Every structure is written in C-alpha cells, then in structure tokens.
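Residue-level structural notes
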Amino acid sequence: AKKAYGEGTGNEIASGKMNSLRSSSALTYNLFYNGVAKFNNGSARIGTGCYSVEFEKQYPTLKRSVSGLPVNLDAFLYCEDTFEAVACEMKMMEWIFNKPGNLRSKYLSPANYINEDIGKVFVAIAKELISQSDYSDPDVIQDEYPCRMTRYDAFQMFKHIVACYSACASEESRKIKKLTLVNC
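A short tour of the structure in this document, coming up. Residue positions within a chain follow its written sequence, with the count starting from 1. The predicted origin of the model limits local features to residues at a pLDDT of at least 70 and limits the giving and counting of side-chain atom pairs to 80 or more, whereas totals for whole chains, interfaces and linings rest on all residues. With hydrogens and water set aside, each side-chain value is computed from the structure's full complement of heavy atoms.

1. Thoughts on the overall build of the chain
For the chain, the helix and strand inventory stands at five helices and seven strands. Listed N to C, the secondary structure of the chain is α-α-β-β-β-β-α-β-α-β-α-β in terms of helices and strands. For the chain, with 184 residues in total, the buried portion stands at 38%. Working rule for contacts: check all heavy atoms of both residues, and any pair within 4.5 Å makes them a contact. Within the chain, residue pairs in contact and separated by at least 24 positions form 60% of the contacts whose partners lie at least 6 positions apart. Summing over all exposed atoms, the chain offers an accessible surface of approximately 10500 Å²; the carbon and sulfur share of this is 51%. Going along the chain from the N terminus, every DSSP run of H or I of four or more residues is numbered as a helix, and every run of E of two or more is numbered as a strand. The classification of residues rests on relative accessible area computed with a 1.4 Å probe and restricted to protein chains. Under 20% of the type maximum is buried, over 50% is exposed, and intermediate values are partly exposed. Accessible areas in this description were obtained via Shrake-Rupley with a 1.4 Å probe; residue shielding takes into account the shown protein chains only.

And the structure:
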C-alpha cells in the first residue's frame, strides 16, 4: 500500500496529506488496509466474492499520444472468480473545502479517446458538465473549461468513468466482465 501511494500522482505520502483527519486516501486505506474485500450480499451492483484491492490504481483516460497523467482510482477491487471489478473514488471533505477542477480541451475531441465512436459519447457527456455561461460558443476552443457544479467535482468522476472504460477495453488489462464505479 505504501508503495502504491508513493507511486500515485496525488503525492499522498510525501506531502503528508494522508496524515490529515479529512484525508480520503486515509479513509480508503482504513477501509481496505488488508488488501482484500469480501462481499456476501449478492446485490445487483456488487457481486458476491472475494476481491483483491489495489490502491491508487492508474488507468489512462485518453490515447497515450495526447494523454498526460493517468487517473488514480483510490481503490480498485477485482474478483478473479467472477471477473467483476469495483473502482472506488473516495471523498471526505473535498466537496466542502475544494472547488471542482476544470476540464482540458483535449477531452472535447472524440479522436483523442481510445475508441473514437465511444469518444463521441464521452464528448457529449463532457459538454453537458461544462458551465454553460463559460461555453457560449462551442466553435471557440479554450484551454480549460469550468464545471457547472459548484461543489461536486463532476469532471474528476467523468475522467474516472473514462478510465474505467479504458480498464475494460484495454487488451493489456485483465478480463473484466462487469465494472462498478463507486463514489463514496
């Protein structure tokens, strides 16, 4: 776990962020510290089974040629028996103290996604999340766009959804039959 947090792009250990009472990374670690999660409820959302846990799992959002840093999923749970996965994005106080991030213009080009057809769907979703007051002319490309939400970081979750798609679509990835993104 320490190695995973040290290699993540969130600078969780070096900056001391995990020492904070409001640390979502510490929350994630405290929930999954032993590296295993068991679900016995058989719900429709998360299947019954024993899931291995990886902290700060990285997946790309866009093609490597245009992508910067990969997304860090706070926890990535995988059940080898059922090929089901659960990606977790944890929040403690971020939604109270932080402002949502901006979306870079590279997310508004379908050609930048690993599959251009699905890229069109992602672009349509991204445009719905952009603050309309700052997006009056869709033909004028800006560097970044602000989110229409004032507290919830919808762009971060959007990028996590794209990363989950990449996790399922990648030939380099393990077999994933079903992936559930959970925002805690």
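2. Things to note about the packing of helix H4 (residues 116-129) against helix H5 (residues 154-169)
Running from N to C, H4 and H5 point in directions that differ by 170°, and their axes come no closer than 10 Å. In terms of orientation, H4 and H5 fall into the roughly antiparallel class. On the side of H4, the interface is formed by Ile118, Phe122, Ile125, Ala126 and Leu129, while H5 contributes Ala154, Phe155, Phe158, Ile161, Val162 and Tyr165. A fitted line through C-alpha atoms represents every axis, and for helices the fit uses only the stretch in contact; the resulting angles, taken between N-to-C directions, go from 0 to 180 degrees. If an angle is under 35 degrees, it is roughly parallel; if it is over 145, roughly antiparallel; if it lies from 65 to 115, roughly perpendicular; otherwise it is oblique.

3. Description of the pattern of salt bridges
Salt bridge criterion: a side-chain nitrogen from Lys or Arg within 4 Å of a carboxyl oxygen from Asp or Glu. The final tally for this structure, using the stated rule, is three salt bridges. Ionic pairing is found between Arg104 and Glu144, a salt bridge with its closest N-O pair at 3.8 Å. Of this pair, Arg104 sits in strand S5 (residues 103-104) while Glu144 sits in strand S6 (residues 144-145), and the two are 40 residues apart along the sequence. Judged by its relative accessible area of 45%, Arg104 falls in the partly exposed class. By relative accessible area, Glu144 is classed as partly exposed at 34%.

4. Let's talk about helix H2 (residues 24-32)
Within H2 the residues assigned to the buried category are Ser24, Ser25, Ala26, Thr28 and Phe32. Elements that come into contact with the buried residues of H2 comprise helix H1 (2-7), strand S1 (36-39), strand S2 (49-59), strand S3 (71-79), strand S4 (84-89) and helix H3 (94-97). With a side-chain oxygen lying 3.3 Å from the backbone nitrogen of Ser25, the N-terminal cap of H2 falls on Ser23. Between N or O atoms, a polar contact is any pair within 3.5 Å; within protein, one atom must be a potential hydrogen donor and the other a potential acceptor, and residues adjacent in sequence are included only when both atoms are from side chains.

5. Quick word on the side chain of Glu89
Residue position: Glu89 is located in strand S4. For Glu89, a relative accessible area of 3% translates into the label buried. When neighbours within four sequence positions are excluded, Glu89 is seen to be in contact with Asn72, Asp74, Gln156, Met157, His160, Val182, Asn183 and Cys184.

6. Things to note about the nonpolar core
Each nonpolar core is a collection of buried residues, namely Ala, Val, Leu, Ile, Met, Phe, Trp, Tyr and Cys, held together in the definition by side-chain atoms within 4.5 Å. Among the nonpolar cores identified, the biggest contains 16 residues, and Leu103, Tyr107, Leu108, Tyr113, Phe155 and Phe158 are the most heavily contacted of them. Contacts of Phe158, omitting those with residues within four sequence positions, involve Leu103, Tyr107, Tyr113, Phe122, Ile125, Ala126 and Leu129. With 14 residues, the next largest nonpolar core counts Ile46, Leu77, Cys79 and Val86 among its residues.

7. Things to note about the sheet that holds S3
Hydrogen bonds between backbone atoms are what pair the strands of a sheet, whose relative direction is either parallel or antiparallel. Should DSSP find at least two bridges between two strands, the strands are regarded as paired. The mixed open sheet is built from five strands, whose spatial order is S1-S2-S3-S4-S7. Looking at which strands have only one partner, the edges of the open sheet turn out to be S1 and strand S7 (178-183). Going from strand to strand, the sheet's axes swing by 30° on average, the running direction of each strand aside. Alignment of S4 against S7, held across six bridges, turns out to be parallel. When the sheet's bridge partners are listed, Glu89 is paired in S7 with Asn183.

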